[in-house]
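Chain by chain, the residues run as shown.
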Amino acid sequence: MMRESTLMWIQYITGLGILVLGALHFASLTFLAPGGYPGALEYTTVFSRYTDPLWAAALEAFLALLSYHVFNGFRIMLLELNQGSGWSKAVNATMFLAALVVFLYGTRTIITFYLGGVV
Amino acid sequence: MATSEQKPLEFKIPNLEGVEKPIKNVVFRVSRFDPDKDSKPYYKDYEVPVYRFTTVLDGLIYIKYNLDPTLAVRYSCRMGVCGSCAMVVNGRERLACKTNVLSLNSSIVTVRPLNNLPLIRDIVTDLRPFLEKHRKVMPYIIRDDIEAHQDREFLQSPAELDEYMMLTDCIKCGLCYSACPTTATDELFLGPQALAQAYRYTVDTRDAGAKQRFEVVDSPHGVWRCHFAGACSAACPKGVDPAFAIQQLKKLILYRRGAMEKRKPAPESDKVREGISVEEVVKNIPKEWPSPPAPK
Amino acid sequence: MSAGAKFPENKRGVLGGWARVSHANFERWLYLLHRLTGIVVGLYLIALLVETSNVAPAYLGNNPNVWNDLMASLYNPVMHAGLLIIAAFAVYHGLNGVRLFLAASGVGVGRPIRPEWPYAPVSLRSPQRFLGWLFIAVTLVLTIYAFYQLFIVTHFV
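Basis of the calculations
Residues numbered from 1 in each chain as written. Chains lettered and ligands numbered in written order. Predicted model: local features only at pLDDT ≥ 70, side-chain atom pairs only at ≥ 80, totals over all residues. Helix = DSSP H or I, 4+ residues; strand = E, 2+ residues; numbered from the N terminus. Rg over C-alpha atoms; globule rule 2.2 N^0.38 Å. Buried ≥ 20, exposed ≤ 12 C-beta atoms within 10 Å, placed from the backbone. Contact = placed C-beta atoms within 7 Å. Core = buried A, V, L, I, M, F, W, Y, C linked by C-beta atoms within 7 Å. Domains from an automatic or database assignment. Nonpolar A, V, L, I, M, F, W, Y, C, P; charged D, E, K, R; others polar. Pairing = 2+ DSSP bridges. Axes fitted to C-alpha atoms, helices over the stretch in contact; angles between N-to-C directions. pLDDT = per-residue confidence, 0-100. Parallel < 35°, antiparallel > 145°, perpendicular 65-115°, else oblique. Left-handed = near helix turned anticlockwise from the far one by under 90°.

**Student:** Looking at this structure, how should I read the overall build of chain B?
**Tutor:** Broken down by element type, chain B carries ten helices and seven strands. On C-alpha atoms alone, chain B measures out to a radius of gyration of 25 Å, which is more than a quarter above the 19 Å that the 2.2 N^0.38 rule sets for 296 residues. Burial status across chain B gives 43% buried among its 296 residues. Within chain B, counting contacts between residues at least 6 apart in sequence, those at least 24 apart form 69% of the total.

And the structure:
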């Protein structure tokens, strides 16, 4: 596919992005939520997080970065276990597909919530 | 004073313990494996008398000479410069000739072959995968005009030398390769030694082969399978610090790839380098060698 | 040549590789933790996505009760302890990742030296080791804050 260094560049950059957006996620579940953590899980709070365009965009970006970072990480770990060409091809394909599936599945959820839950 | 009255020189060696007679007997638990007879390695115990300065290698030679001549062990210089006696002693990668048995503070000394390399016999491993990976990174100066002018040295400043001098101390013992967590599962991984040497030649200003070497190390089993566990540097008996070199190599690939690939190598000493005149180079040559570090 | 043909591999495997705990230097421990935390948080992400997405159909018709019921069923100390672990793992993984990114950018790994006995390698004495300890401290601090939110705020405020 791409050069390994390009894949690692994106791994590092998505990692940094996840740190920032993850901090935002952590904040939105603790001190930015009315009533702290219990209040963050209230239906109204969650609903507002998904319907506000900025929060929803942040969630979507978080999901995109995570999909790449997590499955590239799994790919690296799995590739180190076995070096046969069959295994390598299978791991690369599976992790790519899994990342895509997770991203699309999550995007569907976010869009569903964003549109008020009515599909 | 008459010369016949001179007293003989008297001096006392402070501590003769363990110098003339062995201090104790230590059990050497050595991994044995005969490829024609055994299906997998097993441990065999030998009792070895240990003096104050006995090294693990001395113990193994004692076993071979006195107890069990069938023991296969690889060694050469017995002073820590050849790298032949690399093995795993009490769980840690060490050179056997540089490991004092009493310093291990254990009555049982477990000797195992190097990890992650094919085992030939007993504690002798096949170093060919290790050396072939070294060859793959082209560990020599690559430049277009290497054949043309063979009669002059290349211009390289002491600062440029210091960039890679540390890495030239590598004795190819294989301890770093054995300690690396990635080689434990990934047999295509180039290994810390090869990658450190790739950096040593890439950053050498006399070299112009960055493009070829980057292609080799920027691969699915190249420099990016290093995760900076630092076990290689912790194991290295000469302080080469391959972990340092590999992180710097990653930096070159991420940030300086274009510049390194286009870099013109150091010219010969009678040629002018771009931007620097010969007079300026001559002016900056230090009058004296830098003084050696003060003894501690 | 049958050299080593019967026991050719001699690979230590995962337990002798990244999962090795004996004779591990500090950076090797951090690497092991980085992998473990990455696996756990990665799997948690998938589980969380599935959990949240399955409540989406409940929104058809804007039904908050399904959501609140689900939250009530997950509102127990065991789940909260699990979430605390996830928070700690995620913070550690992120911060150590920053340290690894800095190292791969040549920052904090020291400068080359002329080795002298006892040959202590420069990269293992360099600022990145201090960063490693610092990030562990920051992880602990943030975990304590998460504990406060997950256990103190939920039960006593």
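**Student:** Whenever I open this one, the nonpolar core confuses me. Can you help?
**Tutor:** Most often, soluble globular proteins keep nonpolar side chains buried together rather than apart. Ranked by internal contacts, the top residues of the largest apolar core, which has 82 residues, are Met87, Ala96, Val111, Leu195, Tyr199, Ile246 and Leu249 of chain B. With seven residues, the top contributor of residues to this core is helix H8 (residues 242-255) of chain B. Here this core spans two domains, and each of domain 1 (24-125) and domain 2 (128-143 + 151-283) of chain B adds at least three residues to it. When sequence neighbours within four positions are dropped, the list of residues in contact with tyrosine 199 of chain B reads Leu167, Ala245, Ile246, Gln248 and Leu249 of chain B. Counting residues in each nonpolar core, the second largest holds 29 residues, with Ala99 of chain A together with Val41, Val91 and Tyr92 of chain C among its members.

**Student:** Help me understand the interface of chain A and chain C, please; the structure alone is not making it clear to me.
**Tutor:** By a frequent convention, interface size equals the accessible area lost on bringing the separate parts together. Counting residues at the interface gives 26 residues for chain A and 26 residues for chain C. Broken down by secondary-structure element, the contributors of at least two residues to the side of chain A that touches chain C are helix H1 (4-29), helix H2 (36-40), helix H3 (43-51), helix H4 (53-79) and helix H5 (85-114) of chain A. Per element, the largest residue contribution to the side of chain A that touches chain C is six residues, and it comes from H5 of chain A. For the side of chain A that touches chain C, the residue count by class is 17 nonpolar, nine polar and no charged.

**Student:** Explain the sheet that holds strand S5 (residues 108-112) of chain B to me, please; I cannot follow it from the model alone.
**Tutor:** In sheet architecture, strand pairing relies on hydrogen bonds along the backbone and comes in two forms, parallel and antiparallel. Residues and elements named next belong to chain B. On the basis of which strands lie adjacent, the open sheet formed by five strands has the order S2-S1-S5-S3-S4 and mixed pairing. Only two strands of the sheet have a single partner each, and these edge strands are strand S2 (42-50) and strand S4 (92-95). Across the sheet, the axes of successive neighbouring strands diverge by a mean angle of 35°, strand direction being ignored. Summarising the sheet, strand S3 (residues 86-89) and S5 pair through two bridges and their orientation is antiparallel. Bridge assignment links valine 88 to a residue of S5, and that residue is arginine 112. Packed on one face of the sheet, helix H1 (residues 56-67) meets strand S1 (24-32), S2, S3 and S5 and runs near 100° to S2.

**Student:** Explain the domain arrangement of chain B to me, please; I cannot follow it from the model alone.
**Tutor:** Residues and elements named next belong to chain B. Assigned domains within chain B: domain 1 (24-125) and domain 2 (128-143 + 151-283). Taking only C-alpha atoms, the centre of domain 1 and the centre of domain 2 are 32 Å apart. In this assembly, 14 residues from domain 1 lie in contact with 14 residues from domain 2. Elements that contribute at least two residues to the side of domain 1 that touches domain 2 include exactly S3 and S4.

**Student:** Hey, could you run me through unusual backbone geometry in this one?
**Tutor:** Both trends apply: most residues other than glycine have a negative phi, and most peptide bonds are in trans. Proline 118 of chain C follows tryptophan 117 of chain C through a cis peptide bond whose omega is 5°. Here proline 118 of chain C shows up in the loop between helix H4 (77-104) and helix H5 (127-156). The backbone phi angle of asparagine 105 of chain B is positive, close to 55°, even though this residue is not glycine. Residue asparagine 105 of chain B is classed as exposed on the basis of its C-beta count, with 7 C-beta atoms lying within 10 Å.

**Student:** Before we go on, may I ask you to explain the interface of chain C and chain B in this structure?
**Tutor:** Every contact between the two is made by 41 residues of chain C and, on the other side, 47 residues of chain B. For the side of chain C that touches chain B, the elements supplying multiple residues, two or more each, are helix H1 (13-16), helix H2 (26-53) and H4 of chain C. Classifying every residue of the side of chain C that touches chain B by side-chain character gives 19 nonpolar, 13 polar and nine charged.

**Student:** Would you explain the confidence of the model for chain C in this entry?
**Tutor:** The predicted coordinates ought not to be read in detail in places where the model reports low pLDDT. Residue and element names in this part refer to chain C. For chain C, the mean per-residue pLDDT works out to 85, and 87% of the residues sit at or above 70. In the model of chain C, helix H3 (residues 64-73) stands out as the element of lowest mean pLDDT, 75, in contrast to H4, which has the highest, 94. Taken as a whole, residues 1-6 scores under 50 in pLDDT and shows eleven contacts with residues more than four places along the chain or in a different chain. For this predicted complex, the interface score ipTM comes out at 0.90, alongside a pTM of 0.88.

**Student:** I tried to follow the packing of helix H5 (residues 192-202) of chain B against helix H6 (residues 210-217) of chain B on my own but got confused; where do I start?
**Tutor:** A pair of packed helices is captured by two measures, namely the crossing angle of their axes and the spacing between those axes. All names here are of chain B. Across the interface, H5 lies against H6 with an axial gap of 10 Å and an inter-helix angle of 160°. Between H5 and H6, the angle falls in the class roughly antiparallel. Considering only the axes of H5 and H6, their crossing is left-handed. Along its contact with H5, which presents Leu195, Ala198, Tyr201 and Thr202, the element H6 presents Ala210, Arg213 and Val217. Of the residues that constitute the contact of H5 with H6, the class distribution is five nonpolar, one polar and one charged.

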